[in-house]
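# Fold and geometry: a report
Okay, here's what each chain looks like letter by letter:
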Amino acid sequence: MMNDSPEKRNEWRAIFYVQARVAILFVPVVVSLLIIGALAGKDRDPNAVDRTVTGSVR
């Protein structure tokens, strides 16, 4: 790595910055999906009325 030219180092640095920006964009998406998954995975009361079932299906 000592023999690399400054242009090559700048190229790698630019690639790293692009990857970091893309990762930063996906962090809120991943966090929100984890929150939704945690909320959806909670056990509900089995005796509760399921409001998603329509009258024609019952």
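Everything below is about the structure printed above this text.
These notes cover the structure that comes with them. (Residues numbered from 1 in each chain as written. Predicted model: local features only at pLDDT ≥ 70, side-chain atom pairs only at ≥ 80, totals over all residues. Heavy atoms only, no water.)

## Brief notes about the overall build of the protein chain
Within the protein chain one finds 1 helix and 0 strands. Counting all 58 residues of the protein chain, 0% fall into the buried class. Per element, the accessible surface of the protein chain, about 5,900 Å² overall, is 64% carbon and sulfur. (Helix = DSSP H or I, 4+ residues; strand = E, 2+ residues; numbered from the N terminus. Buried < 20%, exposed > 50% of the residue type's maximum accessible area, 1.4 Å probe, protein only. Areas by Shrake-Rupley, 256 points an atom, 1.4 Å probe, with all protein chains shown as cover.)

## Thoughts on the packing of aromatic side chains
On inspection of all chains with the given rule, the structure shows 1 aromatic pair. Plain terms: the ring middles of phenylalanine 16 and tyrosine 17 are 6.1 Å apart, the flat faces sit at 50 degrees to each other, and that makes the pair tilted. The exposure class of phenylalanine 16 is exposed, given its relative accessible area of 52%. (Phe/Tyr/Trp six-rings, centres within 6.5 Å; stacked < 30°, edge-to-face > 60°.)

## Looking at helix 1 (residues 6-40)
With 35 residues, helix 1 extends 51 Å between its outermost C-alpha atoms, agreeing within 8% with the 51 Å of an ideal straight helix rising 1.5 Å per residue. The sharpest bend along helix 1 reaches about 30 degrees and sits at phenylalanine 26, with the proline proline 28 one to four residues further on. (Expected span 1.5 Å × (residues − 1). Bend = angle between axes of the 7 residues up to and from the residue.)

As far as function goes, none of this settles anything; it's purely spatial.
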